[in-house]
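Descriptive structure summary
Okay, here's what each chain looks like letter by letter:
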Amino acid sequence: MQPLLVILGPTASGKSSLAVELARRLDGEIVNADALQVYRGLDVGTDKPTLEMRHRVPHHLVDVLDPDEPWSAGAFGRMARDAIEDIRSRGLTPLVVGGSGLYLRALLEGLGPLPRSQPEVRRELEARLSSEGLPSLYAELSRLDPETAARLAPRDRQRIVRALEVYRISGETMSAWLARRTRESAPLEGLRIGLTVPRTILYDRIADRIMEMVENGWIAEVVALLNRGIQPSVPAFQAIGYRQMVRHIMGEYSLENAVAETVQATRRYAKRQMTWFRREDGIRWVPGLEVEAAASTVLRFI
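The text that follows walks through the structure, step by step, so that each part is easy to find. The model shown is predicted, which means the values in this text are computed figures rather than measured ones. Along each chain, the written sequence defines residue order, and numbers are assigned to residues from 1. In view of the model being predicted, local features appear only for residues whose pLDDT reaches at least 70, and side-chain atom pairs are presented and counted only at 80 or more, with totals across whole chains, interfaces and linings using the full set of residues. Hydrogens and water are ignored here; the side-chain numbers use all heavy atoms of the structure.

1. What to know about the overall build of the protein
Looking only at helices and strands, one finds 14 helices and six strands in the protein. In terms of C-alpha radius of gyration, the protein reaches 19 Å, essentially the compact-globule figure of 19 Å for 302 residues. Principal-axis analysis of the C-alpha atoms gives the protein an extent of 55 × 45 × 35 Å. Across the 302 residues in the protein, those meeting the buried criterion constitute 49%. Contacts are assigned to residue pairs that have any heavy atoms within 4.5 Å of one another. For the protein, long-range pairs separated by at least 24 residues make up 75% of all intrachain contacts whose partners lie at least 6 apart in sequence. Secondary structure elements follow DSSP: runs of H or I of four or more residues count as helices, runs of E of two or more count as strands, with numbering from the N terminus. Radius of gyration: C-alpha atoms only; globule rule: 2.2 Å multiplied by the number of residues to the exponent 0.38. The buried label goes to any residue with under 20% of its type's maximum accessible area, the exposed label to any with over 50%, and the partly exposed label to all in between, with areas taken from a 1.4 Å probe on protein chains only.

2. Considering unusual backbone geometry
At L61, a residue that is not glycine, the phi angle is positive and equals roughly 60°. Examined against the element boundaries, L61 turns out to sit in the loop between β3 (59-60) and α3 (73-89). A relative accessible area of 8% means that L61 is categorised as buried. Although it is not a glycine, D63 sits at a positive phi angle of roughly 60°. Relative to the helices and strands, D63 resides in the loop between β3 and α3. Residue classification places D63 among the partly exposed residues on the basis of a relative accessible area of 26%.

3. Comments concerning the packing of aromatic side chains
The aromatic pairing rule takes the rings of Phe, Tyr and Trp, using the six-membered ring of Trp, and pairs them if the centres are within 6.5 Å, calling planes under 30 degrees apart stacked, those over 60 edge-to-face and the rest tilted. Counting across every chain of the model gives three aromatic pairs. Grouping aromatic residues by their ring pairs yields a cluster made of W218, F237 and Y242. Whether a charge lies above a ring is judged from NZ of Lys or CZ of Arg, which has to be within 6 Å of the ring centre and within 35 degrees of the ring normal. The ring of W285 carries the charged tip of R278 above its face, separated from the ring centre by 4.4 Å. A cation sits over an aromatic face here: R284 above F301, 4.8 Å from the ring centre.

4. Brief notes about the side chain of N32
Topologically, N32 is positioned in strand β2 (residues 28-32). Among the polar contacts made by the side chain of N32, one reaches the main-chain amide nitrogen of D34 at a distance of 2.8 Å. Polar contact is defined as a pair of N or O atoms within 3.5 Å, subject to the rule that within protein one atom must be able to donate a hydrogen and the other to accept it, and that residues adjacent in sequence are counted only when both atoms are side-chain atoms. Reaching out from N32, the side chain makes a polar contact with the backbone oxygen of L61 at a distance of 2.8 Å.

5. Focus: the packing of helix α5 (residues 119-132) against helix α6 (residues 134-144)
α6 packs onto α5 with a crossing angle of 120° between their chain directions and a minimal axis gap of 7 Å. Between α5 and α6, the angle is such that the two are oblique. Only L134, S136, L137 and E140 of α6 make contact with α5, whose side of the interface consists of L125, R128, L129 and E132. Note that Gly is not counted as nonpolar here; it falls among the polar residues with everything else outside the nonpolar set of Ala, Val, Leu, Ile, Met, Phe, Trp, Tyr, Cys and Pro and the charged set of Asp, Glu, Lys and Arg. Across the contact of α5 with α6, the residue classes tally to four nonpolar, one polar and three charged. Between N-to-C directions, angles span 0 to 180 degrees; the directions come from axes that are lines fitted to C-alpha atoms, helices contributing only their stretch in contact. Note on terminology: angles under 35 degrees are roughly parallel, angles over 145 are roughly antiparallel, angles of 65 to 115 are roughly perpendicular, and the others are oblique.

6. Thoughts on the environment of T266
If you trace the backbone, T266 turns up in helix α13 (residues 255-278). Exposure remark for T266: the relative accessible area of 11% places this residue in the buried category. It is 8.8 Å that separates the C-alpha atoms of T266 and Y203, two residues lying 63 residues apart in sequence. The residues touching T266, leaving out its near neighbours within four places in the chain, are T11, I206, I210 and I240.

7. Here's the deal with the pattern of salt bridges
What makes a salt bridge here is a side-chain nitrogen of Lys or Arg within 4 Å of a carboxyl oxygen of Asp or Glu, nothing more. Per the counting criterion, the structure on display carries 23 salt bridges. Of the charged contacts, one joins E280 and R105 as a salt bridge, the two residues approaching to 3.0 Å between their closest N and O atoms. Of this pair, E280 sits in the loop between α13 and β6 (283-287) while R105 sits in helix α4 (residues 101-108); the two residues are 175 residues apart in sequence, bridging distant segments of the chain. In this structure, the salt-bridge partner of R159 is D156, at a minimum N-O distance of 3.3 Å. Residue class for D156 comes out buried when judged on its relative accessible area of 15%. Each of E21, R24, R25 and E292 takes part in a single network of salt bridges with overlapping partners.

8. Section: the sheet that holds strand β4 (residues 93-98)
Taking strand neighbours across the sheet as the criterion, the six strands line up as β3-β2-β4-β1-β5-β6 in an open arrangement whose pairing is parallel. The sheet is open, and its two borders are formed by β3 and β6, each paired with just one other strand. Sitting on the sheet, helix α1 (residues 15-26) touches β1 (5-8), β2, β3, β4 and β5 (191-196), and the angle it makes with β4 is about 175°. Sheet strands in contact with helix α14 (residues 291-301) are β1, β5 and β6, and its direction is about 150° off that of β6. DSSP calls a pair of strands paired once it identifies at least 2 bridges connecting them.

Right, dumping it as structure tokens:
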């Protein structure tokens, strides 16, 4: 069986460049583990691989959903396993690439089954969200389930409400549910490669990349999605950067403020990513800035 490679690390650490180089050397195909690149039309703001890049190296789980369709770690885990099986069936090497620790855990370890949503509980939480505001719900989650609260952004409306809903329905925390693996999903072995970048350099790269996205048409991309009828409340628009650009377009933020808040939120997200990955066992760390050197190191690991 062909080995499974997993390239992980914080945003802007060079995961995509390394994955493409390794795929070229190993006759492989890439499985996207980015939570937003699955959405059609979210190209600039997700730094999605170009069509030319996807022509050279096939990418799976890119452009498979419309922005108003739901997506979850559990759904990703199931679809990613199907993609890996397909790649291996053709004698090729699968490379999973992404920075979401929860998505990668769903793929490699499986997730405990979560209770189904209950409309009455969801309506009550949505009403509280409107009357009390998201900070109040996040504070409640921090008290009830500090582990889940620590891995979520304080403005991640969808996941904060869902975590509170799980607790209300079951009496158990989201972290307790996720700690239980599904019986149908056995652990998946893979060589996990983590990319490291000095923090000051990583933060500069994040700021530079966000400015490039704006210069490359990020605002026009969001305007086009809104003109298609995509509502500002859909989960895709709650992501870092997209929610700030929506607020700029709607006149609530200046462009300067939208960019500054996006940079700050992305840096905080990168810090949370590294905190998650540093707690994981079995990751082999390599410097992320030199693609050729990193690729050679990974090939030696193999």
